[in-house]
Amino acid sequence: MAKESSAKNKMTNADSKNNGWILRSLWVLTNALFWVPVIGLPTLSLILLTPAMGLTRVQRLVWRCSTIYFKITLWATGAAYTVIGLENLDPDKHYFFACNHESIYDIPLVFAALPFWLIAIAKSSVAYFPIFGWAVACGGTIFIDRSDHNKAVHSLDKGRKALEQRPRSVLLFPEGTRSSDGNVRPFKKGGLVLAIQAKMPVVPVAICNTRSILGAKVDSFKEIHKSPIILIIGKPIETSSMAYEDRDKLSVDLQAEVVRLKELWKQGVGKKYWNHNTQSFWGCWVPTPPFPAPCWGRVLDGYKDFQL
């Protein structure tokens, strides 16, 4: 009888856990479908104001709208996030942020956490997603056609000219695609060449634990789990004195530093700082202030614990 009771309790607990992530998955999907048009359509309409406001102001507003959407995504998921290492950055500068790529939650985390006007380098197919893809295109995203080398080179050159005209920071996933096992893959050089050409510092960034939100299904919203996620920001690597020939060394050095930061997270270094509370819904609408202002999930002077 005792064994039967124990087995029933285990089954009940398992069913409860399954119901938990099923309900959360439905909630996240509902929010995603609702907020894409609610935020995306007004964002698209901003492009009509370009003659009056100028492209710079319009694209900056598009970025603001994007951060609201991504923060709401994290709120709906119940993902508490922690940001460590912002003291390494100058709020008045622009950077290339070179991140590892674990799951579809990486982009929401980076946009929600970093207080920088940010655009991304993305594959060209993203631009064709209804509303969402159109909105990020309006924001100045640099799209790369991976199937055509000449088109990719042309896109990078076009991106360089855009950065010269309207300086801002750039989000880059040098692995090229999401990691299938969570391990950091070798970094590709295409986006880093753009950083060298633009003479902008490149910052190694470790994205930690976003895979755990999606369980085994890292490419979909089918199985959502509540989990804390961490963003660890390394020290910028200057490219002002680099040339095209330095691209290989830069990619190797960046990948090694991201691996190092992620290994420290795995070892539990800085665990005392991890935030386990989700940002409020109303907090999603508040702009992320520049460092060192207190902000949700932000750790002040926490990077010192990550030095070996």
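Peer 1: Before we go on, may I ask you to explain the nonpolar core in this structure?
Peer 2: Looking at soluble globular proteins, one finds that nonpolar side chains tend to be buried together. Core analysis: the biggest nonpolar cluster contains 46 residues, and Phe97, Leu114 and Leu231 have the highest contact counts within it. At 7 residues, the largest contribution of residues to this core is made by helix α3 (residues 55-77). Excluding its chain neighbours within four sequence positions, the residues that come into contact with Leu231 are Thr82, Val83, Ile84, Leu109, Val110, Ala113, Leu114, Val205, Ala206 and Ile207. Counting residues in hydrophobic clusters, the runner-up holds 35 residues, among them Ile144, Val184, Leu194 and Val299.

Peer 1: What's the story with helix α4 (residues 106-113) in this structure? I'm lost.
Peer 2: Spacing of three or four residues puts side chains on the same side of an α-helix, whose turn is 3.6 residues. Summarising burial for α4: 7 of the 8 residues are buried, a large majority. Every buried residue of α4 is accounted for by Asp106, Pro108, Leu109, Val110, Phe111, Ala112 and Ala113.

Peer 1: Could you clarify how one ought to interpret the pairing of strand β2 (residues 96-99) in this entry?
Peer 2: On any regular strand, side chains alternate: one points to one face of the sheet, the next to the other face. Burial of β2 is two-sided: the residues Phe96 and Ala98 facing one way and the residues Phe97 and Cys99 facing the other way are all buried. Pairing analysis gives 3 bridges linking β2 to strand β5 (residues 169-172), with the strands arranged parallel. Within β5, the position partnered with Phe96 by the bridge is Val170. Pairing of β2 with strand β6 (residues 202-208), which is carried by 4 bridges, proceeds in the parallel orientation. Residue Phe97 lies in a different strand from β6, and its bridge partner there is Val203.

Conventions adopted
Residues numbered from 1 in each chain as written. Predicted model: local features only at pLDDT ≥ 70, side-chain atom pairs only at ≥ 80, totals over all residues. Heavy atoms only, no water. Core = buried A, V, L, I, M, F, W, Y, C linked by side-chain atoms within 4.5 Å. Buried < 20%, exposed > 50% of the residue type's maximum accessible area, 1.4 Å probe, protein only. Helix = DSSP H or I, 4+ residues; strand = E, 2+ residues; numbered from the N terminus. Contact = heavy atoms within 4.5 Å. Pairing = 2+ DSSP bridges.

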